[in-house]
Amino acid sequence: MEANPPKRKETRKSLRVKVISMGNAEVGKSCIIKRYCEKRFVSKYLATIGIDYGVTKVQVRDREIKVNIFDMAGHPFFYEVRNEFYKDTQGVILVYDVGQKESFDALDTWLAEMKQELGPHGNMENVVFVVCANKVDSTKHRSVDESEGRLWAESRGFLYFETSAQTGEGINEMFQTFYSAIIDLCDNGGKRPPSSMGVGFTKEQADAIRRIRNSKDSWDMLGVKPGATRDEVNKAYRKLAVLLHPDKCVAPGSEDAFKAVVNARTALLKNIKSCPTLPST
Ligand code: GTP
Ligand code: MG
């Protein structure tokens, strides 16, 4: 009797992907990459000059991927050097320093630079972005908290990780999740799979949380004019409470925003006199 030929294990093609790093100078882009690839940390600041290029093979799930990493210089001086490296990218590591608010505020400018360089036909929708809130080891000087960073990232459909290149916190987890999402993107014909698009909260909820966080006083927080009546305060409160109630809203920071709205309403109502009831005729 003829023996069955041994079944050949199906081998999946290894992937080749391009990844870039983005973010202000000195936020830790090179150190994050070094921590992952070389398992070490360099405390001395050695600014990247233009671009650093490296290639590495990684195993993610059952796949081997060959990653070409372009580590960009964050300094504005190198704009001319880095601008041609944005195209044909599957993944972006977007880094800010949690102790440096300007580096967080600059994330929008980095996205705008990439969008401009990709031109009108470039598609940022089909790129995997991971945001690294870096240097979480030095919490003494933290100026951007987790919910603020997470909200910024997740409301755009980006991944978010708290990282420290110094201690290694979050680094492996970040790269594994990032590469895994890139594999899903490639398997889906270069398009972000629909399952990764839904964030579980609306833009209206994200905008309300951001506005509450940046409000200057209780009036501003509820979105009413100073001197508003009890009715106006209550109406504004009810609208926000429905939008942000922790049972209904999963957006990062919603619980704090909800508490802040409750406190603002209490503080305002304390100082607004109720309308005197009209004497009955
Ligand atoms: P450019 O190449 O100029 O764009 O900077 P970069 O973003 O690549 O920064 P780099 O990785 O060179 O790190 C800048 C400085 O921050 C260095 O002195 C690092 O040692 C330090 N650094 C990087 N990551 C961390 C971290 O997680 N924690 C702490 N405490 N320091 C870090
Ligand atoms: Mg660098």
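Conventions used here
- Residues numbered from 1 in each chain as written.
- Chains lettered and ligands numbered in written order.
- Predicted model: local features only at pLDDT ≥ 70, side-chain atom pairs only at ≥ 80, totals over all residues.
- Heavy atoms only, no water.
- 1 Å grid on protein atoms, 1.4 Å probe; cavity = no way out; pocket = protein on both sides within 12 Å on 5 of 7 lines; lining within 4 Å.
- Points joined across faces, edges and corners; volume = space filled by probe spheres on them.
- Helix = DSSP H or I, 4+ residues; strand = E, 2+ residues; numbered from the N terminus.
- Buried < 20%, exposed > 50% of the residue type's maximum accessible area, 1.4 Å probe, protein only.
- Arc of directions from axis to C-beta.
- Salt bridge = Lys/Arg side-chain N within 4 Å of Asp/Glu carboxyl O.
- Core = buried A, V, L, I, M, F, W, Y, C linked by side-chain atoms within 4.5 Å.
- Contact = heavy atoms within 4.5 Å.
- Pairing = 2+ DSSP bridges.

**Some words on the layout of surface pockets**
Next up, step 1: Its volume calculated, the largest pocket comes out at about 750 Å³.
Next up, step 2: Along its surface, the largest pocket is lined by 39 residues, and Gly28, Lys29, Ser30, Cys31 and Leu46 are the ones closest to its centre.
Next up, step 3: Going through the elements one at a time, helix H1 (29–38), strand S2 (51–60) and strand S3 (63–72) are the ones with two or more residues in the lining of the largest pocket.
Next up, step 4: In terms of residue count, H1 provides more of the lining of the largest pocket than any other element does, seven residues in total.

**Focus on helix H7 (residues 203–213)**
Next up, step 1: Looking at H7, one finds that the buried residues are Gln205, Ala206, Ala208, Ile209 and Ile212. Mapping the buried residues of H7 onto a view down its axis gives an arc of 160 degrees, with all of them on the same face.

**Focus on the pattern of salt bridges**
Next up, step 1: Applying the stated criterion to the full structure yields 13 salt bridges.
Next up, step 2: We note a salt bridge from Asp207 to Arg210, for which the minimum N-O separation is 3.3 Å. Of the two residues, Asp207 and Arg210 are both situated in helix H7; the distance of three residues between them amounts to about one turn of the helix.
Next up, step 3: Judged by relative accessible area, Arg210 falls into the partly exposed class, the value being 27%.
Next up, step 4: In this structure, a network of salt bridges that share partners links the residues Glu146, Arg150 and Glu154.

**What to know about the nonpolar core**
It is characteristic of soluble globular proteins that their nonpolar side chains tend to be buried jointly.
Next up, step 1: Counting residues in each nonpolar core, the largest one holds 28 residues, and the members touching the most others are Ile93, Met174, Phe175, Phe178 and Tyr179.
Next up, step 2: Those elements that provide at least two residues to this core are strand S1 (15–22), H1, S2, S3, strand S4 (91–97), strand S5 (128–134) and helix H6 (171–187).
Next up, step 3: Among the elements that take part in this core, H6 stands out by supplying eight residues, more than any other.
Next up, step 4: Excluding residues within four positions of it along the chain, Phe178 makes contact with Val19, Gly91, Val92, Ile93, Val128, Val130 and Leu159.

**Comments concerning the pairing of S5**
Next up, step 1: Judged by how many residues are buried, S5 sits mostly within the fold: seven of seven residues are covered.
Next up, step 2: Burial along S5 is two-sided: Val128, Val130, Cys132 and Asn134 and Phe129, Val131 and Ala133, pointing in opposite directions, are all buried.
Next up, step 3: The pairing of S4 with S5 spans seven bridges and is parallel. By the bridge assignment, Gly91 is partnered in S5 with Val128.

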